[in-house]
Amino acid sequence: MFNDIGPLELVTLIVLAVLVFGPDKLPKVIQDVTRTIRKIRDFSESAKQDIRQELGPEFKDFEFEDLNPKTFIRKQLDNDDLGLKEIRNGFDLKKDMAEVADAVHGRDPEPATPAASAPSGGRVDMTKKPEKPAADDRPPFDMDAT
């Protein structure tokens, strides 16, 4: 819940709470807030149970987290029934981008080696490793760009 709050921010919030509510009322405020959060959680859980009961036995595996689009898409893409893993691993974007770059710069395409085209684990390495230019090579100069 508080994963994005740092220690300095937490100390600032505590000092601000003591200044606003005072040291006498602060414990009562904390109890009221925790009680309210607990009631909201209980209400949410009872609403989820009511919805599951109303949906019936055919939706017994239904999870409310699946309604989040990110979770739904991730779950569908990891589904082996569709064969999407093979399709996703079949794309070699690094090789395709190298071919496009070679065509743009007018270079001859480099022969593909089996080790370079199929990295371990079926993952494609998308990091661009800069080539070290020779000492006498100058970068291209474009008159139209200046």
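Residues numbered from 1 in each chain as written. Predicted model: local features only at pLDDT ≥ 70, side-chain atom pairs only at ≥ 80, totals over all residues. Heavy atoms only, no water.

Secondary structure assignment for the chain yields five helices and zero strands. When the helices and strands of the chain are placed in sequence order, the string is α-α-α-α-α. Sequence separation of at least 24 residues holds for 30% of the intrachain contacts in the chain that already meet a minimum separation of 6. Put simply, the chain shows about 13,700 Å² of open surface, and 61% of that area lies on carbon and sulfur atoms. (Helix = DSSP H or I, 4+ residues; strand = E, 2+ residues; numbered from the N terminus. Contact = heavy atoms within 4.5 Å. Areas by Shrake-Rupley, 256 points an atom, 1.4 Å probe, with all protein chains shown as cover.)

Here the focus is the environment of Ile5. Counting through the fold element by element, Ile5 comes out in the segment before helix H1 (7-55). The class for Ile5 is partly exposed, based on a relative accessible area of 27%. In this structure, Ile5 is in contact with Leu10 and Leu13, ignoring residues within four places of it in sequence. (Buried < 20%, exposed > 50% of the residue type's maximum accessible area, 1.4 Å probe, protein only.)

Attention now moves to the pattern of salt bridges. The full count for this structure, using the stated rule, is four salt bridges. Between Arg52 and Glu63 there is a salt bridge whose closest N-O contact spans 3.7 Å. A residue pair is termed long-range when its members are at least 10 positions apart, and Arg52 in helix H1 and Glu63 in the loop between H1 and helix H2 (69-77) qualify at 11 residues. The partly exposed category is assigned to Glu63, whose relative accessible area is 36%. Here the salt bridges do not stand alone but share partners, grouping Lys28, Asp32 and Arg35 into one network. (Salt bridge = Lys/Arg side-chain N within 4 Å of Asp/Glu carboxyl O.)

What follows concerns the confidence of the model for the chain. In the predicted model, the chain carries a mean pLDDT of 77, and the fraction of residues at 70 or more is 68%. Looking at the elements of the chain, mean pLDDT is at its lowest for helix H5 (residues 114-117), recorded as 48, and at its highest for H1, recorded as 91. (pLDDT = per-residue confidence, 0-100.)

What follows is about a nonpolar patch on the surface. A cluster of nonpolar side chains, contributed by Leu13, Leu16, Val20 and Phe21, occupies part of the molecular surface with about 380 Å² of accessible area. Mapped onto the fold, Leu16 is located in helix H1. (Patch = residues over 30% accessible without salt bridge, like charges linked within 9 Å, V, L, I, M, F, W, Y side chains within 5 Å.)

For helix H4 (residues 93-105), spanning 13 residues, the distance from its first C-alpha to its last is 18 Å, which sits close to the expected 18 Å at 1.5 Å a residue. Phi turns positive, to about 75°, at Gly106, one or two residues after H4. (Expected span 1.5 Å × (residues − 1).)

Glancing now at the environment of Phe62. Mapped onto the elements of the fold, Phe62 is located in the loop between H1 and H2. Note: C-alpha distance between Phe62 and Arg52 (10 residues apart in sequence) is 7.8 Å.

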